[in-house]
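Geometric and topological summary
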Amino acid sequence: MNPVVILLPAFLISLVALAVFIWSMHRGVFGHDPAGARVIFTAHEVGHTEEPAAPSASRAALQSLVNTKTGQLELLDDDELLQRAHADRSSATVTFVFLSCAIGWLILGSFAGLTASIKLHNPDWLASYEWLTFGRIRTIHLNAVAYGWTSMAGFGLAMWMLPRLLKTPLQGRRFALLGAVLWNAGLIAGIGSLAAGMAGGLEWLEIPWQVGLLLVAGGALIGIPLLLTLARRTVDHLYVSVWYVGAALFWFPILYLVAKMPGVHFGVEQATMNWWYGHNVLGYFFTPLAQASIYYFLPKVIGRPIQSYGLSLLGFWTQAFFYGQVGGHHLIGGPVPTWLITLSIVQSIMMIVPVVAFATNYAATLKGYWETLLYSPTLRFIALGSVMYVLVSLQGTVEALRSVNTITHFTHFTVAHAHLGMYAFVTLTFFGGIYFVMPRVVEREWPYPRLIAAHFWLVVIGMLVYIVALSIGGWLQGLAMLDAARPFMDSVKTTIPWLEARSVGGALMTAGHLVFAAHFLLMVAALGPERSRPALFGLGPEMDHA
């Protein structure tokens, strides 16, 4: 079949759907209201900052800075703030369980990743232990970080945001806790299987399918509180973060179940399915959870609604329209139909639309408020994560082009790109969200603000060293492999200095994670300097304990 017959209708359908959506927003066909951006605020809350991660002096400076932009503040409705405090308490236990598990997996995944990194330039290190060989420890790192740290952190933030977004206590908490138990049981069994050498052999899908079904069941149970809380909501409009959270919780069980279904996918079809899942779990699970966090925490910290609510919805729906087939560019040069690869490239290029919509909205919302980054730990992580989302998305579009992919494919450049997305974007965003949420969960402030700064600079410097080193080394590696006059070992030797730099960056990131985990434990155990409970808006002690 002529590829044009497939590509052109698919492309036109996406464009028509996009045009219809834009028209519907303009005409209000689906009840779109630009005032929807204010639904996360109480009646008179706009202009009031909320930053539980900052010490009192920084909170005061943050509010003073925002006051210069907004002018006279209105009195807040104490009843609505009391309702929010009760909503926070309804999700506290569930959120705490998820975030505690997340940090445990973060530490395990960090040491596994650092071990794998060192082995790339020192392969004889710890070579006498089978479970520490590169093939196993690298796979353990991927699964511990992706399905342990990132998933648990995303779920925890989602469970905490839902009652605030829907302005009602979280419903179905036991389903979420049972889901967390099944998910972690599956992940423990899965990583044990990987350490023993029993793996599925497909990237992102290494956990044996018999164990992976626990992740499907756990993910499905974690989604139930969303449905139950939606049924009890007291808001007429669903803020864009609800759309992102709902999409992520709905998409994951379907994606994973289809990908892990035994006895269905073989040969070329299996490879196609592998990268259909490998990319979609990023774009339809991790990315929506991070975007939901950005769209909630960014305006809350600066006390200002997002600049364009229409752009936020445009970004959501175009991402849903265009992301589904972008994974095919990983199969360029493989024995797959040409039209499938071309469709993937076209979809990758069309992803510029949601990325530009997000970037425009983000920059417009922070315009005139960039100085708030000096006083808000939450915003520093989230703002940088947002910038990294734009960079990794645009880089992915360029990397999908055949001329670029010829150089970068099968090199460390792709690894740098993956970490730019999963770490620089998703993980930094989740760090910022956790710093905001935990004082509300345990009703104590972070005891050592300087540890937050230490965490930030360790992970940011480590991340930059890691990504820059692998990007340069991977590009040189690709050029060396394409040079027929050079032996293959030249491409290997070329990467060694850059791989050593990668380990330095990974060590700095791991140190930052240890600081973060230690600070988390100090906060939970109420150790360190006595700091007052974080008042919602400084309205008095009765609000602190509400």
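A tally of regular secondary structure across the protein chain gives 17 helices and 0 strands. For the protein chain, whose C-alpha radius of gyration is 23 Å, the value lies close to the compact-globule estimate of 24 Å for 546 residues. Its C-alpha atoms give the protein chain principal-axis dimensions of about 75 × 55 × 45 Å. Looking at the 546 residues of the protein chain, the share that counts as buried comes to 55%. When contacts within the protein chain are restricted to residue pairs at least 6 apart in sequence, long-range pairs at least 24 apart make up 85% of them. Just so you have it, the protein chain exposes about 21700 Å², and 68% of that area is on carbon and sulfur atoms.

A few words on unusual backbone geometry. Located in the positive-phi region is Glu 443, a residue other than glycine, with phi close to 60°. Using a relative accessible area of 18% as the deciding quantity, one classes Glu 443 as buried. A positive phi angle, close to 60°, is found at Ala 526, a residue other than glycine.

The subject of this paragraph is the side chain of Thr 95. Along the chain, the position of Thr 95 falls in helix α3 (residues 78-121). For Thr 95, a relative accessible area of 0% gives the class buried. Among residues more than four places away in sequence, those in contact with Thr 95 are Gly 156, Met 159, Trp 160, Val 437 and Val 441.

Two elements in contact, helix α4 (residues 134-166) and helix α14 (residues 412-442), have axes separated by 10 Å at closest approach and are oriented at 45°. Here α14 runs oblique to α4, going by the angle between their axes. When the axes of α4 and α14 are compared, the crossing they make is left-handed. Contact residues: His 141, Ala 146, Trp 149, Thr 150, Ala 153, Gly 154, Leu 157, Trp 160 and Arg 164 in α4; His 419, Met 422, Val 426, Thr 427, Phe 430, Phe 431, Gly 433, Ile 434, Phe 436, Val 437, Arg 440 and Val 441 in α14. By residue class, the composition of the contact of α4 with α14 is 13 nonpolar, 6 polar and 2 charged.

Judged by side-chain polarity, Ile 349, Ile 352, Val 356, Leu 394, Val 398 and Leu 401 come together as a nonpolar surface patch covering roughly 420 Å² of accessible area. When residues of the nonpolar patch are traced back to their parent elements, those giving at least two are α11 (352-366) and α12 (377-399). With respect to the element layout, Ile 349 can be found in helix α10 (residues 338-350). Under the relative-accessibility criterion, Ile 349 is labelled partly exposed at 37%.

The rules behind each value
- Residues numbered from 1 in each chain as written.
- Predicted model: local features only at pLDDT ≥ 70, side-chain atom pairs only at ≥ 80, totals over all residues.
- Heavy atoms only, no water.
- Helix = DSSP H or I, 4+ residues; strand = E, 2+ residues; numbered from the N terminus.
- Rg over C-alpha atoms; globule rule 2.2 N^0.38 Å.
- Buried < 20%, exposed > 50% of the residue type's maximum accessible area, 1.4 Å probe, protein only.
- Contact = heavy atoms within 4.5 Å.
- Areas by Shrake-Rupley, 256 points an atom, 1.4 Å probe, with all protein chains shown as cover.
- Axes fitted to C-alpha atoms, helices over the stretch in contact; angles between N-to-C directions.
- Parallel < 35°, antiparallel > 145°, perpendicular 65-115°, else oblique.
- Left-handed = near helix turned anticlockwise from the far one by under 90°.
- Nonpolar A, V, L, I, M, F, W, Y, C, P; charged D, E, K, R; others polar.
- Patch = residues over 30% accessible without salt bridge, like charges linked within 9 Å, V, L, I, M, F, W, Y side chains within 5 Å.
- Salt bridge = Lys/Arg side-chain N within 4 Å of Asp/Glu carboxyl O.

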